[in-house]
Amino acid sequence: MNSLFKALNDPTRRSILELLREQPRTAGEIAEHFQFSKPTISHHLDLLRQADLVSSDKQGQFVTYTLNMTVMDELLGWLLQFKS
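The name an unreviewed UniProt entry gives the protein is Winged helix-turn-helix transcriptional regulator, with Hymenobacter duratus as the organism.

This is how it looks when you write it as structure tokens:
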């Protein structure tokens, strides 16, 4: 759970999740939306993958990232237990 909160703590990673909510995207397509270097975006994507918030699928030289809704559902369920 700590890696999940660490991943969500950064505004860039939250923005990446918002992009992936629309549709799966390659790392290059994600990088086009930011003014960071591609290695920096790759680092953010790696942290999101470690937290299981995104999954990746390598197709040739491209890696496509997809939002993992299962983890989001589990997080939401965990948070809702605190609502009175």
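Caption draft 1: Structural detail: the overall build of the protein. If you tally the helices and strands in the protein, you get five helices and three strands. In terms of C-alpha radius of gyration, the protein reaches 13 Å, essentially the compact-globule figure of 12 Å for 84 residues. C-alpha extents for the protein along the principal axes are approximately 45 × 25 × 20 Å. Each of the 84 residues in the protein was classed as buried or not, and the buried ones make up 35%. Counting contacts in the protein only where the partners sit at least 6 residues apart, residues at least 24 apart contribute 49% of the total. Carbon and sulfur atoms provide 50% of the accessible area of the protein, an area that totals close to 5,700 Å². Between the mean site of the 9 positive side-chain charges and the mean site of the 10 negative ones, the protein shows a separation of 4 Å.

Caption draft 2: Structural detail: helix α5 (residues 69–80). In a regular helix each residue adds 1.5 Å, so twelve residues correspond to 16 Å; α5 covers 16 Å between its end C-alpha atoms and thus fits that length. Looking at where α5 begins, the residue whose side-chain oxygen comes 3.1 Å from the main-chain nitrogen of T70 is N68.

Rules used in this analysis
- Residues numbered from 1 in each chain as written.
- Predicted model: local features only at pLDDT ≥ 70, side-chain atom pairs only at ≥ 80, totals over all residues.
- Heavy atoms only, no water.
- Helix = DSSP H or I, 4+ residues; strand = E, 2+ residues; numbered from the N terminus.
- Rg over C-alpha atoms; globule rule 2.2 N^0.38 Å.
- Buried < 20%, exposed > 50% of the residue type's maximum accessible area, 1.4 Å probe, protein only.
- Contact = heavy atoms within 4.5 Å.
- Areas by Shrake-Rupley, 256 points an atom, 1.4 Å probe, with all protein chains shown as cover.
- Lys, Arg positive; Asp, Glu negative; His and termini not counted.
- Charge placed at Lys NZ, Arg CZ, Asp CG, Glu CD.
- Expected span 1.5 Å × (residues − 1).
- Polar contact = N/O pair within 3.5 Å; in protein donor to acceptor, adjacent residues only side chain to side chain.

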